[in-house]
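Remarks on the overall topology
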Amino acid sequence: MKRPYIICHMVQSIDGKVTGKFLSAPECEKAIGIYYELNRNYNADAFACGRVTMEESFTGKWYPDLSRYDGSTVPSDDYIADADAGFYAVSFDRHGKLGWKTPRIIDDDPGYDGAHIIEVITRDTDKRYLEYLRSIGVSYIFAGEHDTDIALTLKKLYSIFGIKKLLLEGGSILNGAFERERLIDELSLVTVPMFACGTDKPLFMNIKSKNFTLEQEKSYGDVVWERYLR
């Protein structure tokens, strides 16, 4: 199967957590800056996040009033608003819970700004939500009936949008889903010199141990970047 090359690019604590208050601590600012710089340097065709990450980073938990689309009937095929954008934000939003206001990401960082949004949804998503996405020019692809078929998603991203390199940027549930299917080709980990809380989430959720080989390591003072290949 032809699919994008997948790089899981994340900031983590010393104890391997990727969520938590430590990410907003002053001690983490340097690591975050390095993370964004590496993100830009990868020059990927797309980045992918789960619903929670997209909410926190881009939509602010806003959601549209869908009542105006009551009774909507939409075609049953994928909706491709822009297959030639060249840069994409892939949103794994199984049942359509994200409130986008524009068809492209608006962000101060050029590593995200201007990315055309692709919603990855399932067939049981509210038809009114599909009509809403069409009205604002957000693309969507179906990736299963009730649960997300990641392999199918990657096949469509490659064949429809020409995405050949994709940065997977979590959270841990989405990262874990990719890793359980051995779809991650490379790890790019920026480690901050801090411990997280025990309740914070790990890099991967619900996986068994898999082997990667350390390919590159660079120290930025007390921050370390490590690049691993499968």
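Remember, it's a predicted structure, so these values are computed and weren't measured experimentally. (Residues numbered from 1 in each chain as written. Predicted model: local features only at pLDDT ≥ 70, side-chain atom pairs only at ≥ 80, totals over all residues. Heavy atoms only, no water.)

Comments concerning the overall build of the chain
Quick reminder of the rule: Secondary structure counts use DSSP, requiring at least four H or I residues in a row for a helix and at least two E residues in a row for a strand, with both numbered from the N terminus. For the radius of gyration, the atoms used are the C-alpha atoms, and the globule rule reads 2.2 Å times the number of residues raised to 0.38. Note on classification: 1.4 Å probe, protein chains only; a residue is buried when its accessible area is under 20% of the maximum for its type, exposed when over 50%, partly exposed between these limits. Throughout, a contact is declared for two residues whenever any of their heavy atoms are within 4.5 Å. Using a 1.4 Å probe, accessible areas were evaluated by the Shrake-Rupley method; residue-level cover was limited to the displayed protein chains.
Counting secondary structure elements, the chain contains 5 helices and 9 strands. The helix and strand sequence of the chain, counted from the amino end, reads β-α-β-α-β-β-α-β-α-β-α-β-β-β. Against the globule reference of 17 Å for 230 residues, the chain gives a C-alpha radius of gyration of 18 Å, in line with a compact fold. With the C-alpha coordinates of the chain rotated into their principal frame, the extents come out at 55 × 40 × 30 Å. Expressed as a percentage of the 230 residues in the chain, the buried residues total 50%. Considering only intrachain contacts with a sequence separation of at least 6, the fraction spanning at least 24 residues in the chain is 77%. For the chain, the computed accessible surface area is about 11,100 Å², with 48% contributed by carbon and sulfur atoms.

With respect to the nonpolar core
Using the following cut-off: The set of buried Ala, Val, Leu, Ile, Met, Phe, Trp, Tyr and Cys residues whose side-chain atoms join them within 4.5 Å is what this entry labels a nonpolar core.
Membership of the largest hydrophobic core comes to 42 residues, with the highest contact counts inside it found for F47, W100, I105, Y140 and V190. Those elements that provide at least two residues to this core are strand 1 (5-12), helix 1 (29-42), strand 2 (46-50), strand 4 (116-121), helix 3 (127-136), strand 5 (139-142) and strand 9 (223-229). Excluding its chain neighbours within four sequence positions, the residues that come into contact with I105 are F47, F58, A89, W100, Y112, D113, G114, A115 and I117. A143, L157, F161 and F204 belong to the second largest nonpolar core, which has 31 residues in total.

Focus on helix 4 (residues 150-161)
Threshold: Expected span of a helix: the number of residues minus one, times 1.5 Å. Note: the arc covers the axis-to-C-beta directions of the helix. Whenever two N or O atoms come within 3.5 Å, that pair is a polar contact, provided that in protein one can donate a hydrogen and the other can accept it, and provided that, for residues adjacent in sequence, both atoms are side-chain atoms.
If you check helix 4, its first and last C-alpha atoms are 16 Å apart, about what 12 residues at 1.5 Å a residue would give, namely 16 Å. Of the positions making up helix 4, those classed as buried are I150, T153, L154, K156, L157 and F161. End-on, the buried residues of helix 4 take up no more than an arc of 160 degrees, which puts them together on one face. The secondary structure elements touched by the buried residues of helix 4 are strand 1, strand 3 (88-92), strand 4, strand 5, strand 6 (165-168) and helix 5 (172-180). Where helix 4 begins, the side chain of D149 points an oxygen toward the backbone nitrogen of A151, at a separation of 3.2 Å. Phi turns positive, to about 70 degrees, at G162, one or two residues after helix 4.

Looking at the sheet that holds strand 3
Sheets are built from strands paired through backbone hydrogen bonds, the pairs being either parallel or antiparallel. Here is the rule: For two strands to count as paired, DSSP must find a minimum of two bridges between them. What counts as an axis is a line fitted to C-alpha atoms, over the stretch in contact for a helix, and the angles between N-to-C directions run from 0 to 180 degrees.
Read across the open sheet, the 9 strands follow the order 5-4-3-2-6-1-7-9-8; overall the sheet is mixed. Single-partner strands in this sheet number two, and they are strand 5 and strand 8 (213-220). Strand-to-strand, the axes of this sheet are offset by a mean angle of 20 degrees, without reference to chain direction. Here strand 1 pairs with strand 7 (residues 186-191) via 6 bridges, running parallel. Paired with H9 across the strands is S188, a residue of strand 7. The strands that helix 1 touches are strand 1, strand 6, strand 7, strand 8 and strand 9; relative to strand 1, the one it contacts most, it runs at about 170 degrees. Helix 2 (residues 51-59) contacts strand 2 and strand 3 of the sheet and is inclined by roughly 105 degrees relative to strand 2.

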